[in-house]
Amino acid sequence: IPATAVSWPVAAGPRLAGVSSFGLSGMNAHIVLEEAPPAVRLERLVSALVDQLAEQPTTARLLLRALFEEEEFAADPPEEAARAEAIVASLVTRMQALLREGTESGVFRRVSTAHTVQTLIGATVYHFASAEIGEGILGNQLFSAEAVVERKAELIALLRHGLAAPASPPTS
């Protein structure tokens with residue numbers, strides 16, 4: 001029984017974990033957990049990113065600047081700039097890993113991981129960083145609850161339709 005966090009290596013197929021609880025009165029409970037498929041985890045990652053950007057509107061602008069500007073942010077505190085760069089690096093790494101896993105397992109069609117990550121980041125970060133320009137284009141507020149829910153639905157539809165591997169034709 002691990003007393004501290006241990007890495008959970010990726011193997012072929014979804015990772016599984018068993019959890020058992022043994023009660024003193026003889027009541028026992030057992031559960032087997034299975035890792036969500038890559039498509040579901042990617043959708044959750046994009047959904048969490050949308051939530052974060054909607055809750056912290058300045059984060060989107062910092063992230064956008066971190067993507068394009070190589071110089072330190074002169075007007076921003078160093079910790080905010082470092083936080084934005086760390087978020088970008090983490091997002092890129094996690095998206096790349098999920099895209100590769102989904103492609104290798106046949107859940108996603110073959111795509112350029114780099115281009116797909118660029119598209120996902122652009123579709124999320126730019127949308128919330130665009131402020132008045134975005135609101136003018138959309139004719140709507142970017143940060144209303146309805147607009148955030150709609151943006152999530154659009155991005156998830158993009159993922160499902162753009163990445164889903166074509167169904168194999170039935171064999172006869």
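Along each chain, numbering runs from 1 in the same order as the chain's sequence is written. Selection of residues for local features in this predicted model requires a pLDDT of at least 70, selection of side-chain atom pairs for listing and counting requires 80 or more, and totals for whole chains, interfaces and linings are taken over all residues. Note: side-chain values were computed over all heavy atoms of the structure, leaving out hydrogens and water.

1. Quick look at the overall build of the protein
The way it works is that DSSP assigns letters per residue, a run of H or I at least four long becomes a helix, a run of E at least two long becomes a strand, and they are numbered from the N terminus. In terms of regular secondary structure, the protein is built from six helices and two strands. The secondary structure elements of the protein, listed N-terminal to C-terminal, are β-β-α-α-α-α-α-α. Every one of the 172 residues in the protein was classed for burial, and the buried ones make up 33%. Any two residues whose heavy atoms approach within 4.5 Å at even a single point are treated as in contact. Long-range pairs, those at least 24 residues apart, make up 54% of the contacts in the protein between residues at least 6 apart in sequence. A total of about 11,400 Å² of accessible surface is found on the protein, and carbon and sulfur atoms cover 59% of it. The rule is simple: take the accessible area with a 1.4 Å probe, protein chains only, and divide by the maximum for that residue type; under 20% is buried, over 50% is exposed, in between is partly exposed. For the area figures, the Shrake-Rupley method with a 1.4 Å probe applies, and any residue is considered shielded solely by the protein chains shown.

2. Looking at the confidence of the model for the protein
A residue's pLDDT is simply how confident the predictor is in it, with values from 0 to 100. Chain-level statistics for the protein give a pLDDT mean of 83 and a share of 88% at 70 or above. When pLDDT is averaged over each helix and strand of the protein, the minimum, 76, is found for helix α2 (residues 57–68) and the maximum, 91, for helix α6 (residues 145–163).

3. Re a nonpolar patch on the surface
Two joining distances apply to patches: 9 Å for like charges and 5 Å for nonpolar side chains (Val, Leu, Ile, Met, Phe, Trp, Tyr), and every residue must have over 30% relative accessible area and no salt bridge. What counts as a salt bridge is simple: a side-chain nitrogen of Lys or Arg found within 4 Å of a carboxyl oxygen of Asp or Glu. The grouping of Y126, I133, I137 and L138 at the surface amounts to a nonpolar patch, some 440 Å² of accessible area in total. For the nonpolar patch, the element with the most residues is helix α5 (residues 131–138), which contributes three residues.

4. Topic: the nonpolar core
The nonpolar core is taken to be a set of buried Ala, Val, Leu, Ile, Met, Phe, Trp, Tyr and Cys residues, with the residues joined through side-chain atoms within 4.5 Å. Residues L42, V46, L53, M95, F128 and L163 are the most contacted members of the largest nonpolar core, which totals 29 residues. Contributing elements (two or more residues each) for this core: α1 (38–55), α2, α3 (78–104), α4 (113–129) and α6.

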